[in-house]
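# Structural features, examined
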Amino acid sequence: MQNTTQGADLTAAFAGPTTDALAALDRAFVDLHTKKEDAFWVAYMGLGDDAEASRAELDRLEIESKRFLQDPGKLTAVRALLARDDARDANERISLDGWLRTFEAHAIESREARELDEAITAAEGSLANARAQMRLGYEDPAQGFVKASSVKLGMMLVSEKDAALRRAAWDGLRSIETRVLDSGFLDVVRMRNRLGRMLGAEDYYDWKVRRVEGMSKAEVFALLEELDHKTREAAQRGLDDLAAREGPDACAPWNVRFFTAGDVTHEQDPYFPFERAVERWGRSFAALGIDYRGATMVLDLVDREGKYENGFMHGPELAWVDRGEARPARIHFTANAIPGMVGSGARALGTLFHEGGHAAHFANIRMPSPCFGHEFAPTSVAFAETQSMFLDSLIEDADWKARYARTSDGEPMPLALIEKGIRATQPFAAWGVRQMLSVCFAERAIYEIPDDELTSERVLAEVRAVEARMALLPDGAPRPVLSVPHLLAGESSAYYHGYVLAEMAVHQTRAFFLERDGHLVDNARIGPDLRENYWAPGNSRRFGDFVRGLTGKPLSADALAARVNASVEDALAAAHAAIERLGTVPEFEGAVELGAHIRVAHGRDTVAESGADFEPFARAFADWIAGLARAAS
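An account of the accompanying structure is given in this report. (Residues numbered from 1 in each chain as written. Predicted model: local features only at pLDDT ≥ 70, side-chain atom pairs only at ≥ 80, totals over all residues. Heavy atoms only, no water.)

### Examining empty space enclosed by the protein
Tallied over the full model, the rule gives 3 cavities of 30 Å³ or more. Considering only enclosed or pocket space, the largest cavity measures out at about 70 Å³ in volume. Along the walls of the largest cavity sit 13 residues, with Thr 379, Ser 380, Phe 383, Gly 538 and Asn 539 positioned nearest its centre. Those elements that provide at least two residues to the lining of the largest cavity are helix H14 (344–363) and helix H22 (543–551). Its residues assigned to classes, the lining of the largest cavity comprises 6 nonpolar, 6 polar and 1 charged. Quantified by volume, the second largest cavity comes out at close to 40 Å³. What lines the second largest cavity is Met 313, Gly 315, Glu 317, Leu 318, Ala 319, Ala 329, Ile 331, Phe 362, Gly 373 and Glu 375. No other element matches strand E4 (residues 312–317), which puts 3 residues into the lining of the second largest cavity. (1 Å grid on protein atoms, 1.4 Å probe; cavity = no way out; pocket = protein on both sides within 12 Å on 5 of 7 lines; lining within 4 Å. Points joined across faces, edges and corners; volume = space filled by probe spheres on them. Helix = DSSP H or I, 4+ residues; strand = E, 2+ residues; numbered from the N terminus. Nonpolar A, V, L, I, M, F, W, Y, C, P; charged D, E, K, R; others polar.)

### Remarks on the layout of surface pockets
Empty space within the second largest pocket amounts to approximately 310 Å³. Taken together, 17 residues form the lining of the second largest pocket, with Arg 245, Glu 246, Phe 259, Thr 260 and Ala 424 sitting closest to its centre. For the lining of the second largest pocket, the secondary-structure elements that each account for two or more residues are helix H11 (217–246), helix H12 (256–268) and helix H17 (415–425). The leading source of residues in the lining of the second largest pocket is H12, at 7 residues. When the residues that make up the lining of the second largest pocket are grouped by side-chain class, the tally is 8 nonpolar, 3 polar and 6 charged.

### Here we look at the side chain of Glu 124
Counting through the fold element by element, Glu 124 comes out in helix H6 (residues 111–132). By relative accessible area, which is 9% here, Glu 124 ends up buried. When near neighbours in sequence (up to four residues on either side) are disregarded, Glu 124 contacts Arg 55, Val 188, Arg 192, Leu 488, Ala 489 and Gly 490. (Buried < 20%, exposed > 50% of the residue type's maximum accessible area, 1.4 Å probe, protein only. Contact = heavy atoms within 4.5 Å.)

### Description of unusual backbone geometry
Residue Pro 378 is bonded to the preceding Ala 377 through a cis peptide linkage, with omega at 10°. Within the secondary structure layout, Pro 378 lies in the loop between H14 and helix H15 (381–393). At Asp 85, a residue that is not glycine, the phi angle is positive and equals roughly 60°. Within the fold, Asp 85 resides in the loop between helix H4 (72–84) and helix H5 (90–106). The exposure class of Asp 85 is exposed, given its relative accessible area of 58%. A positive phi angle, near 55°, is found at Asp 522, a position not held by glycine. When you line up the elements, Asp 522 lands in the loop between helix H20 (497–517) and helix H21 (526–535). The exposure class of Asp 522 is buried, given its relative accessible area of 9%.

### What about the sheet that holds strand E9 (residues 605–609)?
Strand order in the open sheet formed by 5 strands is E4-E7-E3-E8-E9, and the pairing between neighbours is mixed. Among the strands making up the open sheet, the edge pair consists of E4 and E9. On average, adjacent strands in this sheet sit at an angle of 25° to one another, irrespective of strand direction. Here 6 bridges tie strand E3 (residues 295–302) to strand E7 (residues 330–337), and the two strands are oriented parallel to one another. Each residue of the ladder has a partner; that of Val 298, found in E7, is His 332. (Pairing = 2+ DSSP bridges. Axes fitted to C-alpha atoms, helices over the stretch in contact; angles between N-to-C directions.)

### Side note on the packing of aromatic side chains
If you walk through the whole model with that rule in mind, you get 34 aromatic pairs. A ring pair is formed by Phe 258 and Phe 259, whose centres lie 5.5 Å apart and whose planes are at 85°; its orientation type is edge-to-face. The class of Phe 258 is buried, set by a relative accessible area of 11%. Assessed through its relative accessible area of 29%, Phe 259 is described here as partly exposed. Each ring, one from Tyr 308 and one from Phe 312, has its centre 6.0 Å from the other, and the planes form 55°; the classification is tilted. Just above the ring of Phe 258 sits the side chain of Arg 166; from NZ or CZ to the centre is 4.1 Å. Against the face of Trp 254 rests Arg 167, its NZ or CZ located 4.1 Å from the ring centre. (Phe/Tyr/Trp six-rings, centres within 6.5 Å; stacked < 30°, edge-to-face > 60°. Lys NZ or Arg CZ within 6 Å of the ring centre and 35° of its normal.)

Okay, here's the thing in structure tokens:
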């Protein structure tokens, strides 16, 4: 079930001293991980000449990597090394504990279950190809069918002023559901559930969360149900007020996002110029004291045909300390911004903060084995998302906008427009959280359908019921659940709850820093504190232990619920106080030094590359984006 040469080498190493065994294990894992992640980038970015061949190569390496991690013999060998107790020093004992947790999260004793898992990987690859090749877009009454990515369709729901085109965009998103259901998704669900039950869990969802989060499905959803209860009243109140003000059609799923944010998105758009996104990301992160510790980073930020339609970060080369020598990370991350489209600059900036937050996390791990430094189990999804979502939350803050949100000519966003944004969005903050809950509860419902009842009709009925209950809209959610790409891929299936748990941790972490320091924007203590308490230990601790360790409190929904349930008046008062406090927060005026070599790519082309000075790099990116925007106009 594994590469025989590699297997023989490891068998020989396990028979020798622990020092040699760990060195061989680390080398073998790093080699496999890097090859697989480089293939992932080629396949998901559409860089290969043959998309199906690229996906097949990724599937092959994915299976090889799974064989390595699922091999029960390695778990047995690591346990034997721990029992032998001949580790040379504390770092070797830490490494053994890390490998034990890693193999406990992945090892599958049953040969039948391992073979089923490989079959699932192949089926997921076929499903991904079918989704990537679908004819996606919307029907324009004047132009006929217009090709569009799911990213563009989603942005149209916020920024398109023509209600008929918004409806067409939403219908386009719903067409993804039909494609997915007709292309093998149900077979993948059956196979995943069979695997989960073979491995002793209630179903696939239960098995996945136990393996990744160290929690049962029931424990995860107890937290989510608490949040459901705490946000329902405020969310319903916001929708009722919208219907009373704009009419019941405003609450149609293709209209609600426009009426809750559309005007403000248009008005604030000039203050988030796409071409300045890289410069503002770099300056803001430098002001927070964030350092990528020598990492090499590749950023592919603009939407194009053949590219995966969702942002992500993966690290082909892991940050770790190899026998006393720090190994810097190599990190890839992506966005799907569309130059010239309203909202694209804010989207690009949000992705830079989000995926750049992931990158900061994984670039700062300082543990004595690579098993602590990857983004897969036993790394907690919720904890990983806490890092990215904490940092992308900053650009929604009034004081961050007052300092950083400026037009291309340098004009700051007026206070009145910041206030208008709060008045428009705060009544729907609780409803926004419930959009994430929709995905979580619907995915759980799909895996709880008995195999003999698993049909497209039953799946859609379950999904619609959850969408109506969580989004509080009888016609469904603005983002149809089965258009969410996470549900299709093995690595991100049974995953979305991580975003909700992360939101809880984000607001708990924000509350800690605000109580201690009084501000978040340009707070130079944040980067070092995150590095020491959240990042450096890798996956050596559980999610809840990390949060308690920094904040001093157990994870709860309290801080998040308080934030999203706040009245407009309270939110405005907090914004005014934060902006007034800026007078005591010095602006960052030094050189932007992120400790990284950064290359911006567009497919196979290099757009900009950082050297010793960040500013020329940011200008080269700005010039390129400005050219794309002119061409699109």
